[in-house]
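Next come the chains, spelled out residue by residue.
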2 protein chains.
Amino acid sequence: MHNMEYRFADRVKALRPSAIREIFKYAADPEVISLSAGNPAPEAFPVKELEALSAEVFQTQPLDALLYSVTEGLPALRDDVRRLLKQHCGIDTPGDDVLITSGAEQVMSLLGKSLLEVGDTVVCEEPSFVGALNSFRAYGAVLKGVPMEKDGLDVNALETILKTDPRVKFLYTIPNFQNPTGITTSWEKRRQIYALAKKYDVLILEDNPYGDLRFAGADVPAIKTLDDDGHVLYAGTFSKTIAPGMRVGYAAGGAALLQKMTVCKQGEDVHTNIWSQLVIHKFLETYDYETHLKNLQAIYRKKYAVACKALQDFAPALSYLPTEGGLFLWCTLPDTIPMTDFCTAAVRDKKVCVVPGNAFLTDDTAPSRSFRINYSTPTDADLTRGIELLGELLRDWPNA
Amino acid sequence: MHNMEYRFADRVKALRPSAIREIFKYAADPEVISLSAGNPAPEAFPVKELEALSAEVFQTQPLDALLYSVTEGLPALRDDVRRLLKQHCGIDTPGDDVLITSGAEQVMSLLGKSLLEVGDTVVCEEPSFVGALNSFRAYGAVLKGVPMEKDGLDVNALETILKTDPRVKFLYTIPNFQNPTGITTSWEKRRQIYALAKKYDVLILEDNPYGDLRFAGADVPAIKTLDDDGHVLYAGTFSKTIAPGMRVGYAAGGAALLQKMTVCKQGEDVHTNIWSQLVIHKFLETYDYETHLKNLQAIYRKKYAVACKALQDFAPALSYLPTEGGLFLWCTLPDTIPMTDFCTAAVRDKKVCVVPGNAFLTDDTAPSRSFRINYSTPTDADLTRGIELLGELLRDWPNA
């Protein structure tokens, strides 16, 4: 039996599943050590607290959790987000509004839906988070990458694009513990980036999923703190700090932009799961969130140290970028070892799964010598053993 | 302080919030009797059962409810949907697949994203569900309405559009207890509609949110039962039968189409809230769903009777279309009373909120003499009193 030939929109014809999502399928094999996921550490979930709060919601306000709700999000949770943005990031832009989304991925999607005509340009860091890039691709964006330096993107390369391309709608940046590189953009560069956005009148999408997971060094203020007229849309999430399966994120930005995104969200999922919103609101209200975050930071500090020690002990030929927070380490192979072959051999022969670096490029057929390791999800033993196996593969690589 | 001027995509410039969502704001006034919502009856929610199952999920598999999951949806829930589609609707198309979505609204959105170029045509019933129409508008669809007759859309008018417009990508239809008219499409017309879709090679989006809420008459098989090559995408939901706040719907259709929609969903919300999926799966596995549906049908049968009696007793000048299921009654005013003025006076002077009929038109500035009443959500007393107040307004209308 043959299906009809579907006439897909040109925008989406070339869209493929994210390589990371596809790698999840390998990672489901219980024999495989997965260093490829982006889940928080299992011990980081406040399971007992969420269980108690969920039961409380059902006992005290079940219909609030079960009926339709408003698209903007639970008012009490929007207030929580405003408060946290002010306390944690110093963000308190007059005229700004807050929208609760079904994970921060939906912020990317709604911004794309609101702004992008087919052929418009989105500037992004190179490499960058493939989930966001795919969101923009679905609206026909032309992606232009700006190379990453150790203190953030190459500002001169950014200006060259902004100066020559009138179709740039926004810049996508992850200033803290960037995915996949772990790089944090310096305060000096944040100021430069904001000034360029104003000069060329483009929006900045500042994605900060990992900012609360800093385990070393000092906070750098958000680009959003510089914003006085809605040039920055800030995206945050509870996926890394409470639980990703609950799918609760948020956007903060200019009211006119958020109103358009809200209408677009109405046509996507009407509103975010309301049980999740209520339970997260109650978590923030009931428990000491700062202590919870300190506990998470301690978990990740330790896991990061385990990963670094294993890399030094077992895989000295692999170079990696040190980081001060987040979930990921960006590793680079010696020139003599082809990255794709190495990652394939790792999962096939050693049953260790990492994410090939080309998955994070605007052109994922371009060459890359890097791959991404996740240190948050595996146990300490698996993390050490996985890196040891990668080291063996490196050491035994023919002609390396 | 002025915000920057956002350069919205042309597609979304004219998008406005759905009139129904906006009316929710009036309906939040506790003095207002809302006959405008689309929520199930409060007594229809299986609160105790969901509470127990949610607690069980937290006790037995908390991390399954909290971690990232796969975009396609919980495998066990996809199996449940396949089984229900076969048992309830006789749907068992070879080569078809199932995707779990964040409410059925996301099916509309993902189909639009997958197929629509700006300027493509979507054919719909006139009037139709405004939420779906707005989903299509966000992708630049040109909406062409086909007038409704008492046994479904005007098939000749449909063929005229299909014959003359090569840009039609799909037909959107709600064959059971259509929103807003309550009309059920006859079997004869379903066959004609399917034959036309095949003849002109366009897709049918068959939206069936209310099919399980039939309280009178005999089931009419789904259009999807006729499908042998993926010309029908079927959308269903647990919003009316379990709980809308949980935001769980599904699509069943050709595998190539669902694969594209899955990639698009990955870029929107990664996956549907996994707690919701687990709790709904356990509900279907633990309780007798057929008995649950029979209880719901009994509730709606009674509420429909209350509404009809009140309309006959208190508002005989109002004509309405009888229905055999669903949540809505479509009422039409005498020629002498302007509908928009009537609906405005109803909420302002009588504190009764209904949805003006023009909200459901492809051109919502076109004239309408009708409005939609919801009988599922109000108490019997509010339903009667609300209709009595509408009757008073009618009776006292100047020069009516």
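Along every chain, residues carry numbers that run from 1 in the direction the sequence is written. Chain letters and ligand numbers both follow the written order, the letters beginning at A and the numbers at 1. Under the rules for a predicted model, residues below a pLDDT of 70 receive no local features and side-chain atom pairs below 80 are neither given nor counted, while totals for whole chains, interfaces and linings still include all residues.

From N to C terminus, chain A includes 14 helices and 14 strands. The C-alpha radius of gyration of chain A comes to 21 Å, within 12% of the 21 Å expected for a compact globule of 400 residues. Buried residues are those with 20 or more other C-beta atoms within 10 Å of their own C-beta, exposed residues have 12 or fewer, and partly exposed residues lie in between; C-beta atoms are placed from the backbone. Classification of the 400 residues of chain A by burial places 56% in the buried group. Once C-beta atoms are placed from the backbone, any two residues with those atoms within 7 Å are in contact. For chain A, the proportion of contacts with a sequence separation of at least 24, taken over those separated by at least 6, is 77%. Working definition: helices are DSSP H or I runs of at least four residues, strands are E runs of at least two. Numbering for both runs from the N terminus. Here the radius of gyration uses the C-alpha set of atoms, whereas the globule reference equals 2.2 Å times the residue count to the power 0.38.

All names here are of chain A. Partitioning chain A into domains gives domain 1 (10-46 + 290-395) and domain 2 (69-286). Where each domain begins and ends follows an automated or database-derived domain assignment. Between the C-alpha centres of domain 1 and domain 2 there is a distance of 24 Å. In this assembly, 31 residues from domain 1 lie in contact with 37 residues from domain 2. The element that contributes the greatest number of residues to the side of domain 1 that touches domain 2 is helix α12 (residues 289-314), accounting for 6 residues.

Strand pairing is defined by DSSP finding a minimum of two bridges between the two strands. Reading across from one edge, β10-β11-β14-β13 (chain A) is the order of the 4 strands in this open sheet, with antiparallel pairing throughout. Each having just a single partner strand, β10 (319-320) and β13 (355-356) of chain A make up the two edges of the open sheet.

On to the environment of A:A366. All names here are of chain A. Within the fold, A366 resides in the loop between β13 and β14 (370-374). Taking the C-alpha atoms as reference points, A366 and Q277, separated by 89 residues in sequence, lie 41 Å from one another. With near-sequence residues (within four places) excluded, A366 lies in contact with N358 and L361.

Core analysis: the largest hydrophobic core is formed by 234 residues, its most contacted members being A:F170, A:I204, A:A251, B:F170, B:I204 and B:A251. With residues near it in sequence (within four places) discarded, B:A251 still touches B:L99, B:T101, B:V107, B:L233, B:Y234, B:A235, B:L258 and B:M261. Residues enter a nonpolar core if they are buried, belong to Ala, Val, Leu, Ile, Met, Phe, Trp, Tyr or Cys, and are joined to the set through C-beta atoms within 7 Å.

What follows covers the interface of chain A and chain B. In this assembly, 76 residues from chain A lie in contact with 76 residues from chain B. Broken down by secondary-structure element, the contributors of at least two residues to the side of chain A that touches chain B are α1 (10-13), α2 (19-27), α3 (47-60), α4 (62-66), α6 (105-115), α7 (130-137), α10 (255-266) and α11 (274-286) of chain A. For the side of chain A that touches chain B, the element with the highest residue contribution is α10(A), accounting for 7 residues. Residue polarity follows a fixed list, in which Ala, Val, Leu, Ile, Met, Phe, Trp, Tyr, Cys and Pro are nonpolar, Asp, Glu, Lys and Arg are charged, and the others, Gly among them, are polar. Residues of the side of chain A that touches chain B, tallied by class, amount to 36 nonpolar, 24 polar and 16 charged.

Our focus in this paragraph is the relation of the copies chain A and chain B. Here the copies are superposed with least squares, the fitted atoms being C-alpha atoms of residues at a pLDDT of at least 70 in both. Once chain A has been moved 0.0 Å along the axis and rotated by 180 degrees, it coincides with chain B to within an RMSD of 0.0 Å. Both chain copies can therefore be described as sitting about a two-fold axis. Here 100% of the interface residues in chain A have copies in chain B that are interface residues too; the copies meet face to matching face.

Residues and elements named next belong to chain A. The sheet contact formed by strand β3 (residues 121-126) and strand β4 (residues 142-149) spans 6 bridges and is parallel. Its bridge partner lying in β4, E126 is registered against P147. Throughout, right-handed denotes a crossover for which the path from the first strand over the helix to the second runs clockwise when the strands point away from the viewer. What joins β3 to β4 is α7, and the crossover it makes is right-handed. Where β4 lies against strand β5 (residues 152-153), 2 bridges are found, and the strand directions are antiparallel. Following the sheet pairing, E149 is matched in β5 by G152. Linkage of β4 to β5, two consecutive antiparallel strands, is achieved through a turn of 2 residues.

Time to look at the sheet that holds strand β10 (residues 319-320) of chain B. Residues and elements named next belong to chain B. A sheet is described by the order of its strands in space; here 4 strands give the open sequence β10-β11-β14-β13, paired in antiparallel fashion. The open sheet has two edge strands with one neighbour each: β10 and β13 (355-356). Looking at chain direction, β10 and strand β11 (residues 328-332) are connected through 2 bridges and run antiparallel. Across the sheet, residue S319 finds its bridge partner in β11, namely T332.

Residue and element names in this part refer to chain B. Along the polypeptide, Q312 turns up in helix α12 (residues 289-314). The exposure class assigned to Q312 is exposed, which follows from the 12 C-beta atoms found within 10 Å. Each C-alpha atom, one on Q312 and one on Q59, is 52 Å from the other, the two residues being 253 residues apart in sequence.

Residue and element names in this part refer to chain A. In the contact formed by α6 and α7, the axes pass within 8 Å of each other and the chain directions differ by 25 degrees. As judged from the angle between their axes, α6 and α7 are roughly parallel. Seen from above, α6 lies across α7 with right-handed handedness. Across the interface between the two elements, E105, M108, S109 and G112 from α6 touch G131, A132, S135 and F136 from α7. Residues of the contact of α6 with α7, tallied by class, amount to 3 nonpolar, 4 polar and 1 charged. Between the N-to-C directions of two axes lies an angle of 0 to 180 degrees, each axis being a line fitted to C-alpha atoms and, for a helix, fitted only over the stretch in contact. The cut-offs work like this: below 35 degrees is roughly parallel, past 145 is roughly antiparallel, 65 to 115 is roughly perpendicular, and the gaps in between are oblique. Put simply, a crossing is left-handed when the front helix is turned counterclockwise from the back one by less than a right angle, and right-handed when it is turned clockwise.

All names here are of chain B. The element strand β9 (residues 249-254) is largely enclosed, with a buried count of 6 among its 6 residues. In this structure, strand β2 (residues 96-101) lies alongside β9, joined through 6 bridges in antiparallel fashion. Counted as the bridge partner of L99 is A251 from β9. Pairing of strand β8 (residues 232-237) with β9, which is carried by 4 bridges, proceeds in the antiparallel orientation. Its bridge partner lying in β9, G236 is registered against Y250.

Residues and elements named next belong to chain A. In a helix, the anticipated span is given by 1.5 Å times the number of residues less one. Taking 1.5 Å as the rise per residue, helix α14 (residues 380-395) with 16 residues should run 22 Å; its terminal C-alpha atoms sit 22 Å apart, in good agreement. Every buried residue of α14 is listed here: L383, G386, I387 and L390. One side of α14 holds all its buried residues, which, seen down the axis, span an arc of 95 degrees. Exposed residues on α14 whose side chains face more than 90 degrees from its buried face are A381 and R395. Those residues of α14 that are buried are in contact with β1 (33-34), α12, α13 (339-349) and β12 (352-353). Working definition: the arc comes from the directions between the helix axis and the C-beta atoms, pointing outward to the latter.

Before going further, it helps to spend a moment on unusual backbone geometry. Leaving glycine out, the prevailing phi sign among residues is negative, and the prevailing peptide bond configuration is trans. Look at the link from A:E126 to A:P127: it is a cis peptide, with omega at 5 degrees. Following B:N179, the chain continues into B:P180 via a peptide bond in cis, with omega recorded as 15 degrees. Here B:P180 lies in the loop between β6 (168-173) and α9 (187-199). Of note in this structure, A:F177 is not a glycine but carries a positive phi near 50 degrees. Structurally, A:F177 is set in the loop between β6 (168-173) and α9 (187-199). Exposure remark for A:F177: the 23 C-beta atoms within 10 Å place this residue in the buried category.

Along the chain, A:K150 turns up in the loop between β4 and β5. A:K150 sits in the exposed class, given 10 other C-beta atoms within 10 Å.

Before going further, it helps to spend a moment on the packing of α12(B) against helix α14 (residues 380-395) of chain B. Residue and element names in this part refer to chain B. The geometry of α12 relative to α14 is characterised by a closest axis approach of 9 Å and an angle of 25 degrees between their N-to-C directions. With respect to α14, the axis of α12 lies roughly parallel. α12 and α14 meet at a crossing whose hand is right-handed. In this structure, α12 uses K303, V306, A307, A310, L311 and F314 to contact α14, whose residues at the interface are D380, L383, T384, I387, E388 and G391. Of the residues assigned to the contact of α12 with α14, the class counts are 7 nonpolar, 2 polar and 3 charged.

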